[in-house]
Amino acid sequence: MKRAIPVVALSIAGLIPVWRYEPSIGGTTSSTAESATTPSASTTAASGTVVKGTTITTDKGPVQVQVTFSGDRITAVKMLQQPDHPQTTAAVPVLISETLKAQSADIDTVSGATITSDAYKKSLQAAIDKNAKSASASPSASASASASASASASSKVVAGSTVNTDKGPVQVQVTFSGDKISAVKMLQQPDHPQTTAAVPVLIAETLKAQSADIDTVSGATITSDGYKESLQAAIDAKG
């Protein structure tokens, strides 16, 4: 069973400055408390992640903490809301000091401030959970971005030669992923209904065959031959 930390000794005015604590003025005015060896919230916020815990409503008033993390390490805790009560005022520096030592919400309840202690630990745990969830999501996003960058880096775009036909110039642009043809784009083609209808068929056949060895589209022989010649040139250029 966890022991209760007495609050009486901490009520002595001479000891309170050890935690650099300024009591709140008014029921829910925010206040700050940190350990003497920890950088201030404004300093750590610049190099850490600041997360707000949930607001816990108690019989004494709302309690809410704000936690600064460096990775998964707690570097500072700030009270955003707390009851305006002498026992809370004395208890908060103890709770924060214990948090910085334990690096978790698994800390002792301060004797004489049970309600505030319990609410503090709940709000603190909520902030810890949010930070952990955010951290676990980040690697996935990074891995996804890395995979995308890697795929992009391994892709190569090659323009085939321009083949002049009786209907007009024909030229293709081929995207390779490794040795695989992943996309074909027409850079030039005759402005003719039969060509317009034939091009999607030629591209679909190319992606299927992964080569220029594809059938000629009936009714678009000239375009088909020009397409295959330009396509083969792109494949050869990719080499």
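Here the structure is a predicted model, which is why all the values come from computation and not from measurement.

## Comments concerning the packing of aromatic side chains
The full count for this structure, using the stated rule, is zero aromatic pairs. The ring of F176 has K238 lying over it, and the distance from NZ or CZ to the ring centre is 5.8 Å.

## Topic: helix α2 (residues 86–102)
In this model α2 runs 25 Å from its N-terminal to its C-terminal C-alpha over 17 residues, within 8% of the 24 Å that 1.5 Å per residue would give. Of all the bends in α2, the greatest, near 25°, is centred on V92, and the proline P93 appears no more than four residues after it. Note on α2: the residue one or two positions beyond its end, Q103, has a positive phi of about 60°.

## Concerning helix α5 (residues 221–238)
With 18 residues, α5 should cover 26 Å at 1.5 Å per step; its first-to-last C-alpha distance of 26 Å lies within 8% of that length. For α5, every residue scored as buried is listed here: T223, S224, G226, Y227, K228, S230, L231 and A234. Just beyond α5, the residue with positive phi is G239, at close to 60°.

## Some points on the pairing of strand β9 (residues 180–188)
Where strand β8 (residues 168–177) meets β9, seven bridges bridge the pair, whose relative direction is antiparallel. Residue pairing for β9: Q173 is matched across the bridge by K185. In textbook terms, the turn of a hairpin is the stretch between consecutive antiparallel strands, and for β8 and β9 this stretch comprises two residues, one of which, G178, has a positive phi near 70°.

## Digging into the environment of T99
Among the structural elements, T99 can be located in helix α2. If we ignore the near neighbours within four places in the chain, the residues touching T99 are I74, V77, S104, I107, Y120 and L124. In this structure the side chain of T99 is engaged in a polar contact, spanning 2.7 Å, whose partner is the backbone oxygen of L95. Side chain to side chain, T99 and Y120 meet in a polar contact 2.7 Å long.

## Some details on the pairing of strand β4 (residues 61–70)
Of all 10 residues in β4, eight are buried, a share of seventy percent or more. Bridge count for strand β2 (residues 49–52) against β4 is four bridges, and the pairing is antiparallel. Considered in β4, the bridge of V51 is made with V67. Direction of pairing for strand β3 (residues 56–58) relative to β4: antiparallel, over a ladder of three bridges. The residue bridging I56 from the neighbouring strand is V63, located in β4.

## Some details on the packing of helix α4 (residues 193–209) against α5
Two elements in contact, α4 and α5, have axes separated by 10 Å at closest approach and are oriented at 40°. Taken together, the axes of α4 and α5 lie oblique to each other. In this structure, α4 crosses over α5, and the sense of that crossing is right-handed. Facing T195, L202, I203 and T206 of α4, the residues of α5 in contact are T223, S224, Y227 and L231. Here the contact of α4 with α5 is composed, by residue class, of four nonpolar, four polar and no charged.

## As for the environment of V172
Structurally, V172 is set in strand β8. Between the C-alpha atom of V172 and that of A233, which follows or precedes it by 61 residues, the distance is 9.4 Å.

## Considerations on the confidence of the model for the chain
Looking at the chain as a whole, the pLDDT averages 81, with 74% of positions reaching at least 70. Mean pLDDT values for the elements of the chain range from 40 in strand β1 (residues 31–32) up to 96 in β3. Note on residues 8–45: pLDDT is under 50 here. Beyond four places in sequence and across chains, it has 64 contacts.

## A few points about the nonpolar core
Of all hydrophobic cores here, the largest spans 24 residues; its most connected members are V65, V67, I74, M79, I96, Y120 and L124. For this core, the elements supplying multiple residues, two or more each, are β4, β5 (73–81), α2 and α3 (114–154). Top contributing element to this core by residue count: α2, with six residues.

## Focus: unusual backbone geometry
Phi at Q103 takes a positive value of approximately 60°, unusual for a residue other than glycine. Residue placement: Q103 occurs in the loop between α2 and α3. Of note in the backbone geometry, Q210 takes a positive phi value of approximately 60° without being a glycine. Structurally, Q210 is set in the loop between α4 and α5. Look at Q210 and you get partly exposed, because its relative accessible area is 27%.

Calculation notes
- Residues numbered from 1 in each chain as written.
- Predicted model: local features only at pLDDT ≥ 70, side-chain atom pairs only at ≥ 80, totals over all residues.
- Heavy atoms only, no water.
- Phe/Tyr/Trp six-rings, centres within 6.5 Å; stacked < 30°, edge-to-face > 60°.
- Lys NZ or Arg CZ within 6 Å of the ring centre and 35° of its normal.
- Helix = DSSP H or I, 4+ residues; strand = E, 2+ residues; numbered from the N terminus.
- Expected span 1.5 Å × (residues − 1).
- Bend = angle between axes of the 7 residues up to and from the residue.
- Buried < 20%, exposed > 50% of the residue type's maximum accessible area, 1.4 Å probe, protein only.
- Pairing = 2+ DSSP bridges.
- Contact = heavy atoms within 4.5 Å.
- Polar contact = N/O pair within 3.5 Å; in protein donor to acceptor, adjacent residues only side chain to side chain.
- Axes fitted to C-alpha atoms, helices over the stretch in contact; angles between N-to-C directions.
- Parallel < 35°, antiparallel > 145°, perpendicular 65-115°, else oblique.
- Left-handed = near helix turned anticlockwise from the far one by under 90°.
- Nonpolar A, V, L, I, M, F, W, Y, C, P; charged D, E, K, R; others polar.
- pLDDT = per-residue confidence, 0-100.
- Core = buried A, V, L, I, M, F, W, Y, C linked by side-chain atoms within 4.5 Å.

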